[in-house]
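An overview of the molecular structure
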Amino acid sequence: MKKERPVTSEEKKEPEAACCSPEPSCAPSPEPVAEDCCLPDPGLAPGCCRMTAEGVSVHYGRKKVIEDVSLAMAPGRITAIIGPSGCGKSTFLSTLNRMSDLVPGCAVTGDVRLEGESIFAPGTDLIALRRRIGMIFQKPNPFPLSIRRNIHLPLREAGTRDRETLDGITERVLRSVGLWDEVSDRLDSSAHALSGGQQQRLCIARAVALDPDVLLFDEPCSALDPISSAVVEELIASLRRQYTVVIVTHNMAQARRIAESVAVFWVQGGTGRLIEQGDLEEVFEGTTNPIVQDYIRGGRG
Amino acid sequence: MSGLSLPTSSGTEERLVTTSIWTIALLVCGVFLWIVSDVVLNGLAGLSISYLVEAPAQGGRAGGILPILVSTLSILAVALIAAIPLGLGTAILLAEFTRRGGTFPTVVARSLDVLAAVPSIVFGLFGNAFFCVWLGLGYSILAGGLTLACMVLPILIRSLEAAFRAIPDEYRLAAAALGMSRTRTTLSVLLPQAAPGLVVGLVLGVGRVLAETAALLFTSGYVDRMPESWLDSGRSLSIHIFDLAMNVPGGEPNAYTSALVLIVMLLLINGAAAWGADRWVRRATGTS
């Protein structure tokens, strides 16, 4: 596989494609920026949105899966959610774009706010919401369509009809994930003919094409071989400052390499809880929680 | 058979099982070949262009089968035009728009299974009472086609539903996460994937329509003139074969020739369905 060059800033998102401008519903909140905010970052893309979870609990039927998770995901930063299997990381992630709604018997309490507005407010347009908050899954899941149509289809559904515009966006996002040179001569062949790593990058391109504010990654590298995994990881790191990124990962080294903030989930009494959160250094070097210390040390070894 | 060559033991049991399996397989193929060769050997002599383009004479002993071919294809067309949209709609409703394992889809699915097993003569009586008498269509191609549509629907729906259910959820999740509506997801992503199910349903359905005799006697009738409208009575090929073999002295050679035409027609239509579905899938998925 070809090695990818890191994306240059010119190739990145254009300034007018600010994520919060087009829809009135996502205008910046009238309240002043919340207290735990880091200082505005000069390199931040204008539309990066702040996401906060407040006291989120999730039940599958009678079983409580996660309890009382409050987490602030700073705009333009990469927040990694780590923790052992079955501690509710992915469940928590799926509440952030309300994919949890699709699971029968899944009930969410608490609130998630995007720029101060509750995504659980009655009458929330789920389709518009999920265009603003993209999601990339563990197993690459391009549609069984051509590469081109994988990107065109969600865009058309979002109202972009003009063929030239569609092709322009396709080229831009495929370049931004380093896939253009590999696939530009076979855009009309099936996306399933691509390798796993290429498929995952196509999925990222497809999400980015909708110009979202937030990107959620659910263990995006765990189904990939080490080389593809490194390429995808580098790509995710390059999304910093352009999107608010939340990534669930099993891989402690990966969290350390790309994340700026870390949240550690743990199972306590059969229920997943958030036991530690903060800046990367703070958590990895300065934590006083013995469980976290052990987990991080174990992950290092 | 799987592509693996699993180790075989040389015991008696192994040999016995292998021999039995091969014997059964050869028997099945043998019966099929016997039927086909019987029809071909006896029917080929009477087959000619004039047989296909002339009207029958002397009750079918002489002449051709043109009006019968036209009636058969018309009945098939009516049946498919009615059954495909209804079948697709119901299958999509069952597989995509109702909760899995819920009461409604389960009840509908069970009802369809029972319907699929109902003898065709019962469909014929129903079609006669409902389409011919109650709706006033009389003995007509329309009534016959619609009756056959009712017969084909259960098979079509069940095979399409199975095809939709076999599509992995990851596509539905991906589409939902990209802000795509369920309707668009179903039409643009899932439907092309369900095409093989459509082909299976069509092959089974077309087979059933072309083979049907009993139900058509009550609904489309057996007039062997060229039909002039959808409301005319028309004789299907299978009824023609039945009539020649049972009611017309000396009609047997032409019964064989008609049977040969029927088999060839079935193969051609099935081939066309598979080809058409493949073409459509290529276009729908944007792959060349």
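Report follows, based on the coordinates. Every value quoted in this text rests on a predicted model; they were computed, and no experiment measured them.

Parameters and conventions
Residues numbered from 1 in each chain as written. Chains lettered and ligands numbered in written order. Predicted model: local features only at pLDDT ≥ 70, side-chain atom pairs only at ≥ 80, totals over all residues. Heavy atoms only, no water. Helix = DSSP H or I, 4+ residues; strand = E, 2+ residues; numbered from the N terminus. Buried < 20%, exposed > 50% of the residue type's maximum accessible area, 1.4 Å probe, protein only. Contact = heavy atoms within 4.5 Å. Salt bridge = Lys/Arg side-chain N within 4 Å of Asp/Glu carboxyl O. Buried area = accessible area lost by both parts, 1.4 Å probe. Polar contact = N/O pair within 3.5 Å; in protein donor to acceptor, adjacent residues only side chain to side chain. Nonpolar A, V, L, I, M, F, W, Y, C, P; charged D, E, K, R; others polar.

So, on to the overall build of chain A. Helix and strand counts for chain A come out as 10 helices and 10 strands. Classification of the 301 residues of chain A by burial places 53% in the buried group. Put simply, of all contacts in chain A between residues at least 6 apart along the chain, 69% involve residues at least 24 apart.

With that settled, consider the pattern of salt bridges. Close approach of charged atoms lets side chains of opposite charge pair. Residues and elements named next belong to chain A. All chains considered together, the criterion is met by 26 salt bridges over all chains. Between Arg175 and Glu171 there is a salt bridge whose closest N-O contact spans 2.8 Å. Remark: Glu171 and Arg175 occur in helix α4 (residues 163-176); sequence separation between them is 4 residues, near one turn of the helix. Judged by relative accessible area, which is 35%, Arg175 ranks as partly exposed. Since its relative accessible area comes to 27%, Glu171 is described here as partly exposed. Here Arg240 makes a salt bridge to Glu260, at a shortest N to O gap of 3.4 Å. Taken together, the positions of Arg240 in the loop between α7 (226-238) and β8 (244-248) and Glu260 in the loop between α8 (252-258) and β9 (261-268) put the pair 20 residues apart, joining distant regions of the chain.

One can find Asn97 of chain A in the loop between α1 (89-96) and β4 (106-114). With relative accessibility at 0%, the residue Asn97 of chain A sits in the buried group. Asn97 of chain A has contacts with Ile119, Leu129, Arg130, Ile133, Met135 and Leu216 of chain A together with Ala177 of chain B, leaving out every residue within four places of it along the chain.

Another aspect to go through is unusual backbone geometry. Residue and element names in this part refer to chain A. Here Asp68, not a glycine, exhibits a phi torsion of approximately 50°, which is positive. Structurally, Asp68 is set in strand β2 (residues 63-73). Among the residues examined, Asp68 registers a relative accessible area of 52% and is labelled exposed. Phi angles above zero are rare outside glycine, and Arg241 is one such case at about 75°.

Between chain B and chain A, the residue contacts involve 21 residues of the former and 29 residues of the latter. Interface of chain B and chain A: buried area, both sides summed, is about 2000 Å²; carbon and sulfur atoms make up 65% of it. For the interface between chain B and chain A, the tally reads 2 salt bridges. A salt bridge links Glu170 of chain B to Lys139 of chain A, with the shortest nitrogen-to-oxygen separation between them at 2.7 Å. Linking chain B with chain A are 8 residue pairs in polar contact (both at pLDDT 80 or more). Among the secondary structure elements, those contributing two or more residues to the side of chain B that touches chain A are α7 (169-177), α8 (182-193) and α12 (252-285) of chain B. Of the residues in the side of chain B that touches chain A, the class split is 10 nonpolar, 8 polar and 3 charged.

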